[in-house]
Amino acid sequence: MKQIEVVAAIIHDGDGQIFATQRGYGEWKDYWEFPGGKIEAGETPEEALQREIWEELDTKIVVERMVETVEWDYPKFHLKMHCYLCQVASGNLTLNEHEAARWLHTYELDSVDWLPADRALALSLRDITP
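If you're wondering where the values come from, they're calculated on a predicted model, not measured in any experiment.

Visitor: Explain the sheet that holds strand β7 (residues 98-105) to me, using residue names and the numbers behind them.
Guide: What the three strands build is an open sheet, ordered β3-β2-β7; its pairing is antiparallel. This sheet does not close on itself; its edge strands, each paired only once, are β3 (32-33) and β7.

Visitor: Any details on the nonpolar core? Residues and values, ideally.
Guide: Counting 25 residues, the largest nonpolar core has I10, F34, L79, M81, W114 and L121 as the members making the most contacts within it. The set of elements that each furnish at least two residues to this core consists of β1 (2-11), β2 (17-23), β6 (77-91) and α2 (116-124). Sort the elements by how many residues they give to this core and β6 lands first, with five residues. Leave out the neighbours within four places in its chain, and M81 touches V6, A8, E68, T69, V70, A117, D118 and L121.

Visitor: Go over α2 with me, naming the residues and quoting the values.
Guide: By the burial criterion, the buried members of α2 are A117, D118, L121 and A122. Seen end-on, α2 carries its buried residues on one side only, within an arc spanning 135°. On the buried face of α2, the contacting elements are β1, β3, β5 (59-73) and β6.

Visitor: Kindly report on unusual backbone geometry, identifying the contributing residues and their values.
Guide: One non-glycine residue, D30, adopts positive backbone phi at about 80°. Of the residues examined, D30 reaches a relative accessible area of 38% and is grouped as partly exposed. Residue L93 is not a glycine yet carries a positive backbone phi of 55°. Along the chain, L93 falls in the loop between β6 and β7.

Visitor: Quick one: what's the story with the packing of aromatic side chains, residue by residue and with numbers?
Guide: Counting across every chain of the model gives five aromatic pairs. With centroids separated by 5.4 Å and ring planes inclined at 75°, the aromatic side chains of W28 and Y74 adopt a geometry described as edge-to-face. Of the two residues, W28 sits in the loop between β2 and β3 while Y74 sits in the loop between β5 and β6, which places them 46 residues apart along the sequence. Since its relative accessible area comes to 6%, Y74 is described here as buried. Cluster of aromatic residues (ring-pair linked, three or more members): W28, Y31, Y74 and F77. Over the face of the ring belonging to W54 we find K60, whose NZ or CZ atom lies 4.4 Å from the ring centre.

Visitor: Account for the pattern of salt bridges, with residues named and values stated.
Guide: By the definition in use, this model includes eight salt bridges. Notably, a salt bridge pairs K76 with E27, separated by 3.9 Å at the nearest N-O pair. Remark: E27 occurs in the loop between β2 and β3 and K76 occurs in the loop between β5 and β6; sequence separation between them is 49 residues. Each member of the pair, K76 as well as E27, carries the same accessibility label: exposed. The partner of E52 in a salt bridge is R51, with the nearest N and O atoms 3.1 Å apart. Both residues of the pair, E52 and R51, count as buried. By sharing partners, the salt bridges in this structure join E40, E43, R51, E52 and E55 into a single network.

Rules of the game
Sequence order as written defines the numbering, with residues in each chain counted from 1. In view of the model being predicted, local features appear only for residues whose pLDDT reaches at least 70, and side-chain atom pairs are presented and counted only at 80 or more, with totals across whole chains, interfaces and linings using the full set of residues. To obtain the side-chain values, all non-hydrogen atoms of the structure were used and water was disregarded. Any two strands with at least two DSSP-identified bridges between them are counted as paired. Starting at the N terminus, helices and strands are each numbered in turn, a helix being any DSSP run of H or I of at least four residues and a strand any DSSP run of E of at least two. Among buried residues, those of type Ala, Val, Leu, Ile, Met, Phe, Trp, Tyr and Cys that are joined through side-chain atoms within 4.5 Å constitute a nonpolar core. Think of it in three bands: residues with accessible area under 20% of the maximum for their type are buried, residues over 50% are exposed, and the middle band is partly exposed, with areas taken using a 1.4 Å probe on protein chains only. Contacts are assigned to residue pairs that have any heavy atoms within 4.5 Å of one another. This arc is built from the directions going out from the helix axis to the C-beta atoms. Ring pairs shown here join Phe, Tyr and Trp side chains whose ring centres sit within 6.5 Å, with only the six-membered ring taken for Trp; geometry is labelled stacked below 30 degrees between planes, edge-to-face above 60, and tilted in between. Ring-over charges, as used throughout, are those where CZ of Arg or NZ of Lys falls within 6 Å of the ring centre and within 35 degrees of the ring normal. A side-chain nitrogen of Lys or Arg and a carboxyl oxygen of Asp or Glu constitute a salt bridge if their distance falls within 4 Å.

As structure tokens, this is what we get:
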């Protein structure tokens, strides 16, 4: 099975809200996810995450700490997703690739239709305190 390794940003506002984005393309269109993407050759996961968030959201972030690594078997590939707690350093979270975004309180994380791997992460975040 094909293996894909990615990074994901759990962007929080310091007041218990987490930033979620809705996919606007592909097989999983309309599902919600934590923004991020693939790690390119020569990048650390943190560098990849900062680059991906800049490309997707025109925003610079501070990567605070690793939260967990989620492994998930999708029908066509195995996903390994390194998830980091982050805050906005500068920028306005402009949607360049996603069709929608929402700030969700940790108790609201089950109110959107997450991608399967992201759902596993969202459920684990209910007890996290940034």
